[in-house]
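Spelled out from the first residue to the last, the chains are:
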Amino acid sequence: MNPNPMEFRRGVISPMECVKEGWQLIKDQYWLFLGLTLVAMLVGGAVPVVLIGAMTCGLYLCLFAKMRGEPVEFAMLFKGFDYFVQGLVAAAIQTLPIILIMAVGQVIFVAFTMIIMPTRRGEAMPAVFFVGLAIFILFAMIVSLVIHSLFLFAYPLIVDRKLSGLDAIKLSYRAALQNLSGIVGLILLLAGMGILGVLACYVGVFFVMPISFAAYAVAYRRVFPENGSVGGPAPPPPPGSWAA
């Protein structure tokens with residue numbers, strides 16, 4: 001039965017379970033998914049906004065194929081360019097509010113700094129400057145968390161439900177609101193793992209990235225089941241269900 005693209009489950013995301021299932025999904029091909037993730041991020045970041053959508057779509061194509069027990073090859077990553085326009089629209093919609101909000105915040109911060117900047121050489125920087133800097137950083141983090149949470153499912157929806165970029169953004173927003181606590185918890189959990197990776201000589205953060213995307217794919221599938229059964233809570237997968 002084909003799922004209704006607009007239907008989704010509510011309150012079904014458990015952050016720790018998603019991370020565990022994400023690891024189970026990719027552990028037997030971890031190095032392949034590490035390479036896929038690094039290439040996706042490098043190519044996607046080469047031309048900001050323009051390429052990130054297609055590469056992220058390609059990464060989710062690989063993850064969904066792995067879930068179905070299908071073989072995953074490196075070339076599959078670049079099939080994300082089949083969704084180039086949809087991915088570009090989704091990326092632009094996600095990025096634009098962040099750019100606008102951060103630009104306004106930076107202008108306010110610079111103006112604030114110019115006003116309170118010491119005029120005499122050697123004068124200590126007022127404490128209010130550092131308070132303002134801390135508030136600005138906190139504000140930036142909150143904005144990023146909100147945008148990431150609400151639009152987390154946009155790229156998976158493009159490749160899984162064949163939605164346009166705009167429709168994927170709108171449906172991701174609706175589904176995220178109904179699963180917000182689980183999504184925020186998952187993002188914070190993975191962010192904490194990333195921080196631990198940074199502390200491990202920084203390179204550790206790259207080793208966490210494929211697990212993060214796998215966990216997001218698992219969270220997506222809990223909210224948007226492949227068989228279209230959305231009437232009840234998502235059952236836990238049987239042991240070994242992610243094996244290829």
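Not measured: the values here are computed from a predicted model.

Conventions adopted
Residues numbered from 1 in each chain as written. Predicted model: local features only at pLDDT ≥ 70, side-chain atom pairs only at ≥ 80, totals over all residues. Heavy atoms only, no water. Helix = DSSP H or I, 4+ residues; strand = E, 2+ residues; numbered from the N terminus. Contact = heavy atoms within 4.5 Å. Areas by Shrake-Rupley, 256 points an atom, 1.4 Å probe, with all protein chains shown as cover. Buried < 20%, exposed > 50% of the residue type's maximum accessible area, 1.4 Å probe, protein only. Core = buried A, V, L, I, M, F, W, Y, C linked by side-chain atoms within 4.5 Å. Axes fitted to C-alpha atoms, helices over the stretch in contact; angles between N-to-C directions. Parallel < 35°, antiparallel > 145°, perpendicular 65-115°, else oblique. Left-handed = near helix turned anticlockwise from the far one by under 90°. Nonpolar A, V, L, I, M, F, W, Y, C, P; charged D, E, K, R; others polar. Phe/Tyr/Trp six-rings, centres within 6.5 Å; stacked < 30°, edge-to-face > 60°. Lys NZ or Arg CZ within 6 Å of the ring centre and 35° of its normal.

Asks: Even after reading the chapter, I still don't get the overall build of the protein chain, so can you show me in this structure?
Replies: From N to C terminus, the protein chain includes nine helices and zero strands. Across the protein chain, helices and strands are ordered from the amino to the carboxyl terminus as α-α-α-α-α-α-α-α-α. Taking as baseline every contact in the protein chain between residues at least 6 positions apart, the subset at least 24 positions apart corresponds to 76%. Carbon and sulfur atoms make up 72% of the accessible area of the protein chain, which amounts to about 12600 Å² in all.

Asks: Explain the side chain of Ser-149 to me, please; I cannot follow it from the model alone.
Replies: Tracing the sequence through the fold places Ser-149 in helix 5 (residues 127-150). Setting aside its immediate chain neighbours within four residues, Ser-149 contacts Ala-176, Leu-180, Ile-183, Val-184 and Ile-187.

Asks: Where do I start with the environment of Ser-181 in this structure?
Replies: Locating Ser-181 in the fold gives a position in helix 8 (residues 180-199). When its relative accessible area of 67% is taken as the criterion, Ser-181 is described as exposed. It is 8.2 Å that separates the C-alpha atoms of Ser-181 and Gly-11, two residues lying 170 residues apart in sequence.

Asks: Help me understand the nonpolar core, please; the structure alone is not making it clear to me.
Replies: Nonpolar side chains in soluble globular proteins tend to be buried together. Within the largest apolar cluster, 60 residues are counted, with the highest numbers of intra-cluster contacts made by Tyr-60, Leu-63, Phe-153 and Phe-224. Apart from residues lying up to four places away in sequence, Tyr-60 is in contact with Tyr-155, Pro-156, Val-159, Phe-213, Tyr-216 and Ala-217.

Asks: Would you mind going over the packing of helix 1 (residues 15-26) against helix 9 (residues 204-223) with me for this structure?
Replies: To characterise two packed helices, one gives the angle between the axes of the helices and the distance between these axes. At their nearest, the axes of helix 1 and helix 9 sit 7 Å apart, and the two run at 115 degrees to each other. Considering their axes alone, helix 1 and helix 9 lie roughly perpendicular with respect to each other. Note on packing geometry: the crossing formed by helix 1 with helix 9 is right-handed. Between helix 1, through Glu-17, Cys-18, Val-19, Glu-21, Gly-22, Trp-23, Leu-25 and Ile-26, and helix 9, the contact on the second element is made entirely by Pro-210, Ile-211, Ala-214, Ala-215, Val-218, Ala-219 and Arg-222. For the contact of helix 1 with helix 9, the per-class residue count stands at 11 nonpolar, one polar and three charged.

Asks: In this structure, what is going on with the packing of aromatic side chains? I would like to understand it.
Replies: How two aromatic rings sit relative to each other is set out by the distance from centre to centre and by the angle between their planes. Throughout the structure, instances matching the rule amount to 11 aromatic pairs. Ring centres 5.0 Å apart and planes at 25 degrees place the aromatic pair Tyr-220 and Phe-224 in the stacked group. The cationic tip of Arg-221 hangs over the ring face of Phe-64; the distance from NZ or CZ to the ring centre is 4.9 Å.

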